[in-house]
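Remarks on the overall topology
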Amino acid sequence: MLSTRLAHFELPPQWSTMREAARLERTGAKGIIHLEKGDYVSPEFKPPPEAVAAVTTSLKDGFVRYSPGPGLWPLREALAEEMSRRGRPTVPEEIIVTPGAKFGLTASLLLLLDDGDEVVMPDPGYPPDEFWARYLRAAIRHVAFRDPRNVDADQLADLIGPRTRLVILNTPQRPNGQLIENTDEVAEVLARFPHVAVVSDEIFSRIVYEPYRHRSLASYPELKERTIVIDTFSKSFVMTGFRIGWVAAPVHVAEKLDILLQNSCTNVCTIIQEAALAALRAPGSYSEQLLATLTRKRDLAYKVLSGSRRLSVDNAQGTFYLFPKLPEGTDGRQTVRRLLEHGVAVVPGSAFGTAGAGHLRLTFTLEDDLLLEGTRRLVEVVDQTTGWDASSGT
Ligand SMILES: Cc1ncc(COP(=O)(O)O)c(C=O)c1O
């Protein structure tokens, strides 16, 4: 009855712990500390008040009809300015407003890939990229990193062949919270292969800590015309549940994206588009405050984790994640199960690809007391446990 394309369909692996923790809570478990979410957890994180007010105003004004198309013009204008500031000179016609970055990624892959095309993506990476590449029957090649911050540029060059249609990269990277530092080298490699499109997932572009700076691959003039930038209001403005993002792409690609959007979801909810515009226009102090709070929490969590005898951890350069490494040979999934028994939920790094095995991914967006308690408990369990099954290394 179902399409043969669905053979690989599974729920998002990066949410496996979230599902398990919710199941435990439904059956009476109490006090689980949620470090596993890809979201702002503490209620102290709020969207800009201007965005919330815009929702109410547009509802009151009856702004509740269809608005088919690529996004409200003033929002596309504001996003074009945002992208131009990022080093990619952009006109509003190159902006398509999407129901979240994930849909922007999905739509881009649907537009770019044919059966048997090759697509290069990082490992560890963002599971939906692989999910849709498999749906489209593309051949997946994983590019490795020389270290957590530098793409193995020689390997990238070797991986690209005549059938390669697309390279996907994300910076600041998740799950590991590090920037890609060698963007110059990556751009130089990609410039050598004009038949290859680039999807640059930049959803944490505004969540970058001092002294680091985000560099968009689309800001390299030689790549601009074949790079599709994916971004979202989810992380920059604490609007994860609003479901709104955008794509910046050359006009001929943007036009196709618009057609795809109008034939699938028609338009992004209009009142949410108004909220997004208000968020972009919010005073700069909103983003400064958000970054200051995240920096403080990042350092709280990092201090506890780096005190562990058995974990090794880099502090995050961007995002709201830390990605500590377990001792060599430790089974990541078993560790996650053990931690859940102790009331701490984290994601096994292997959920993001085989190169993530042996790591744990955790968010630091919790209330300070819960963050401290959760990370302390995590360190206690990892440091005190010896003799775990070292066989699978997942
Ligand atoms: C790399 C990456 N891309 C895209 C998304 C999806 O963002 P959105 O909430 O806008 O769909 C996420 C969400 O965590 C992500 O980590």
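Residues numbered from 1 in each chain as written. Predicted model: local features only at pLDDT ≥ 70, side-chain atom pairs only at ≥ 80, totals over all residues.

Orientation of helix α4 (residues 101–112) relative to helix α10 (residues 251–262), taken along the N-to-C sense of each, is 110 degrees, at an axis distance of 10 Å. In terms of their interaxial angle, α4 and α10 are classed as roughly perpendicular. At the point where α4 passes α10, the crossing takes the right-handed sense. Where α4 approaches α10, its residues A107, L110 and L111 are matched on the opposing element by V253, K256, L257, L260 and L261. Residues that form the contact of α4 with α10 fall into these classes: seven nonpolar, no polar and one charged. (Axes fitted to C-alpha atoms, helices over the stretch in contact; angles between N-to-C directions. Helix = DSSP H or I, 4+ residues; strand = E, 2+ residues; numbered from the N terminus. Parallel < 35°, antiparallel > 145°, perpendicular 65-115°, else oblique. Left-handed = near helix turned anticlockwise from the far one by under 90°. Contact = placed C-beta atoms within 7 Å. Nonpolar A, V, L, I, M, F, W, Y, C, P; charged D, E, K, R; others polar.)

All right, on to the site of the ligand then. In the region of the ligand, 13 residues are neighbours, and G100, A101, K102, T232 and S234 sit closest. Residues of the shell around the ligand, tallied by class, amount to three nonpolar, seven polar and three charged. (Near = placed C-beta within 6 Å.)

Before going further, it helps to examine helix α11 (residues 270–281). Look at α11: 17 Å from first C-alpha to last across 12 residues, which is about the 16 Å you get at 1.5 Å a residue. When we look at burial in α11, the residues that qualify are I272, Q273, E274, A275, A276, L277, A278 and A279. (Expected span 1.5 Å × (residues − 1). Buried ≥ 20, exposed ≤ 12 C-beta atoms within 10 Å, placed from the backbone.)

With that settled, the discussion passes to unusual backbone geometry. Between T171 and the following residue, P172, the backbone shows a cis peptide bond with an omega angle of -5 degrees. If you trace the backbone, P172 turns up in the loop between β7 (164–170) and α7 (183–191). The amide bond that connects E210 to the next residue, P211, takes the cis arrangement and shows omega of 0 degrees. One non-glycine residue, T266, lies in positive phi territory at about 70 degrees.

Accessible area lost during the coming together of the parts is what is often quoted as the interface size. According to the domain assignment, the protein contains domain 1 (4–46 + 285–382) and domain 2 (50–281). Its C-alpha centre places domain 1 at a distance of 25 Å from the equivalent point of domain 2. Elements supplying a minimum of two residues to the side of domain 1 that touches domain 2: α12 (284–306) and β11 (321–322). Per-element accounting of the side of domain 1 that touches domain 2 gives the leading share, four residues, to α12. Tallied by class, residues from the side of domain 1 that touches domain 2 come to 13 nonpolar, 11 polar and six charged. (Domains from an automatic or database assignment.)

Let us now look at the pairing of strand β2 (residues 95–98). Of the two faces of β2, the one carrying I95 and V97 and the one carrying I96 and T98 are both buried. Here β2 pairs with strand β10 (residues 245–248) via four bridges, running antiparallel. Looking at β10, one finds that I95 is bridged to A248. (Pairing = 2+ DSSP bridges.)

Looking now at the nonpolar core. The biggest cluster of nonpolar side chains holds 105 residues, and the ones touching the most others in it are L166, V247, L322 and V346. No fewer than three residues from each of domain 1 (4–46 + 285–382) and domain 2 (50–281) sit in this core. Leave out the neighbours within four places in its chain, and V346 touches T17, L35, E36, V336, L339, L360, R361, L362 and L378. (Core = buried A, V, L, I, M, F, W, Y, C linked by C-beta atoms within 7 Å.)

What follows covers the sheet that holds β2. What the seven strands build is an open sheet, ordered β2-β10-β9-β8-β7-β3-β4; its pairing is mixed. Every other strand in the sheet has two partners, leaving β2 and β4 (139–143) as the edge strands with one partner each. If you compare each strand with its neighbour and ignore which way they point, the axes differ by 20 degrees on average. Along the sheet, helix α3 (residues 73–85) makes contact with β2, β9 (227–232) and β10, crossing β2 at roughly 115 degrees. Across the face of the sheet, α10 comes into contact with β2, β9 and β10 while running at roughly 25 degrees to β2.

With that settled, the discussion passes to the environment of P250. Tracing the backbone through its elements, the reader meets P250 in the loop between β10 and α10. For P250, a count of 16 C-beta atoms within 10 Å puts it in the partly exposed group. Placed 47 residues apart in sequence, P250 and I203 show a C-alpha to C-alpha distance of 19 Å. With residues up to four places along the chain from it excluded, the contact list for P250 reads E94 and E225.

Let us look at the packing of α4 against helix α5 (residues 127–135). At a closest axis distance of 10 Å, the pairing of α4 and α5 adopts a crossing angle of 30 degrees. Of the possible angle classes, the one that applies to α4 and α5 is roughly parallel. Relative to α5, the crossing made by α4 is right-handed. For the pair α4 and α5, contact is made by K102, L105, T106 and L109 and by P128, D129, W132 and A133, respectively. Among the residues forming the contact of α4 with α5, the class breakdown is five nonpolar, one polar and two charged.

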